[in-house]
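# Examination of the molecular architecture
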Amino acid sequence: MIIVGADVGGTSSRVVVYHDDTERGRAEGPGSPMRLGEGTRLAAALADLARPLLMRGRTVRADALVVGAAGAGREGERAELQLALEQQRLAWRVIVTTDAELARAAAFGGAPGVLLIAGTGSIAVARDVRGQSRRVGGLGWRMGDQGSAYWIGARALEAVGAMHDGLGSVTHLAETLCTAAKVAGIAGLVQWSTTATSAQVAALGPAVLDCAGDGDQVAMHLRDAAVEALAQLAMAAGGGQLPIAMSGGLLAPGRPLRDRVAAALETTHRATVIHRAVDPCRGAPVLAREAMA
């Protein structure tokens, strides 16, 4: 069986072709959350990544296409994207879910567990021993995304503003954020912040964590707050009873928050952490088999 899996995040997309669970090709391109009215554009972008992979394997149409997309948790967005993907005729069966659910399936297959994801945004998704699903977080940058790159970047901007007004501690984050945003001085940063997108603010997150690694006290406080916020998401989703895996740009192997979050979960919260890396696209064969059983 030939299955195409696509992981569509807030900043990047990955498409993988599997033949009987063996990876046969992979491509990567820009990503963006699924929004109403964007289904045709997003489907076309995924088709541009998938078709060369299928042609390389001398396949016109896969047996199944499984797409996990940020923003596809609501019925309207999910239905629009599914229709647009079906019109691309990439596969005989199209399955659309969230990027979080795709990654959870990759982490645990059909087994129970909590997947904690932190990148541009943040969310914890779980399936318990009865097969029931639960999600905590993922409400977007205005109402949630605790501990995410956006959350860190936004609070770093606030800290710099407070320092500038004499209301907060002195911090090297001013220079760090100006460099990351490619602006000159606080005035330039203020002007930049008024029009910055959520993705642009999230792009400041890694620079803040680097500043924390250099010993800046304000940046260290933000890093520690992000670690605890992410641990709380995982525990609220069921981490007290279920094993926890981690994924996303801030929690991938070698990334600055992974070991700290794992330590907080294991030491402070007495949770069981699965340390292996998660490739979200590996969830495509799992979800395809479930849907086609």
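Below or above, wherever it landed, is the structure these notes cover.

Parameters and conventions
Every chain is numbered independently, its residues counted from 1 as its sequence is written. Given that the model is predicted, a residue must reach a pLDDT of at least 70 before its local features are reported, and side-chain atom pairs must reach 80 or more before they are shown or counted; all residues, however, enter totals for whole chains, interfaces and linings. The side-chain figures draw on all heavy atoms in the structure; neither hydrogens nor water molecules are used. Labels follow the DSSP assignment, with helices taken as runs of H or I lasting at least four residues and strands as runs of E lasting at least two, numbered in each case from the N terminus. Here the globule rule reads 2.2 Å times residues to the power 0.38, and the radius of gyration is calculated from C-alpha atoms. Summary of the burial criterion: residues with accessible area below 20% of their type's maximum are buried, those above 50% are exposed, and those between are partly exposed, where the area comes from a 1.4 Å probe applied to protein chains only. Working rule for contacts: check all heavy atoms of both residues, and any pair within 4.5 Å makes them a contact. Asp and Glu are treated as the negative residues and Lys and Arg as the positive ones, with His and the ends of the chain left uncounted. To locate a charge, take atom NZ for lysine, CZ for arginine, CG for aspartate or CD for glutamate. Axis definition: a line fit to C-alpha positions, over the contact stretch in the case of helices; interaxial angles, taken between N-to-C directions, run 0 to 180 degrees. In this scheme, roughly parallel covers angles under 35 degrees and roughly antiparallel covers those over 145, while 65 to 115 is roughly perpendicular and the rest are oblique. The handedness criterion is simple: a crossing whose near helix is rotated anticlockwise from the far helix by less than a right angle is left-handed, and one whose near helix is rotated clockwise is right-handed. Asp, Glu, Lys and Arg are counted as charged, while Ala, Val, Leu, Ile, Met, Phe, Trp, Tyr, Cys and Pro are counted as nonpolar; the rest, among them Gly, fall into the polar class. By the convention used here, strands pair only if DSSP detects at least 2 bridges between them. What we call a nonpolar core is a set of buried Ala, Val, Leu, Ile, Met, Phe, Trp, Tyr and Cys residues that are connected through their side-chain atoms within 4.5 Å.

## A short note on the overall build of the chain
Along the chain, the regular secondary structure elements total 11 helices and 9 strands. Over its C-alpha atoms the chain spans a radius of gyration of 20 Å, differing by no more than 12% from the 19 Å that the globule rule assigns to 293 residues. Taking the principal axes of its C-alpha atoms as reference, the chain extends roughly 60 × 40 × 30 Å. Across the 293 residues of the chain, 51% fall into the buried class. Contacts in the chain between residues at least 24 apart in sequence constitute 66% of all its contacts with a sequence separation of at least 6. In the chain, 29 positive and 28 negative side-chain charges are present, and the distance between their average locations comes to 6 Å.

## Remarks on the packing of helix α4 (residues 149-164) against helix α5 (residues 173-181)
Their axes nearest at 9 Å, the elements α4 and α5 cross at an angle of 125°. With respect to their mutual orientation, α4 and α5 come out oblique. Handedness of the α4/α5 crossing: left-handed. Of the residues in α5, those in contact with Ala156, Leu157, Val160 and Met163 of α4 are Leu173, Ala174 and Leu177. Residues that form the contact of α4 with α5 fall into these classes: 7 nonpolar, no polar and no charged.

## A short note on the sheet that holds strand β5 (residues 91-97)
Read from one edge of the open sheet, 5 strands run β3-β2-β1-β4-β5, paired in mixed fashion. Both outer strands of the open sheet, β3 (22-30) and β5, are each paired with one neighbouring strand and no more. Within the sheet, the average angular offset between the axes of one strand and its neighbour, ignoring direction, is 15°. Pairing of strand β1 (residues 2-8) with strand β4 (residues 62-69) involves 6 bridges; the strand directions are parallel. Bridging from a neighbouring strand, Asp7 pairs with Gly68 of β4.

## Topic: the environment of Gln82
For Gln82, the location among the structural elements is in helix α2 (residues 75-88). Judged by relative accessible area, Gln82 falls into the partly exposed class, the value being 23%. Residues Gln82 and Val94 lie 12 residues apart in sequence; the distance between their C-alpha atoms is 6.8 Å. The contacts of Gln82, once residues within four sequence positions are left out, are Val94 and Val96.

## Overview of the nonpolar core
Counting residues in hydrophobic clusters, the biggest one holds 52 residues, and the most contacted among them are Leu116, Leu173, Leu257 and Val261. In terms of residues, this core owes the most to one element, helix α9 (residues 217-239), which gives 10 residues. Residue contacts for Leu257: discarding those within four places in its chain leaves Gly147, Ile152, Leu209, Arg223, Ala226, Val227, Leu230, Leu250 and Leu251. Ala6, Ala43, Leu46 and Val67 belong to the second largest nonpolar core, which has 28 residues in total.

## Describing the packing of α5 against helix α8 (residues 205-213)
At a closest axis distance of 10 Å, the pairing of α5 and α8 adopts a crossing angle of 145°. Both α5 and α8 take part in a crossing whose hand is right-handed. Facing Leu173, Thr176, Leu177 and Ala180 of α5, the residues of α8 in contact are Ala207, Val208 and Cys211.

## So, the sheet that holds strand β9 (residues 244-247)
In space, the 4 strands of this open sheet follow the order β8-β7-β6-β9, with mixed pairing throughout. Where the open sheet ends on each side, the last strands, each with one partner, are β8 (133-137) and β9. Across this sheet, the average inter-strand angle for adjacent strands is 15°, counted without regard to direction. Sheet analysis places strand β6 (residues 113-118) next to strand β7 (residues 122-127), joined by 6 bridges and oriented antiparallel. In the strand pairing of β7, Leu116 is matched with Ala124.

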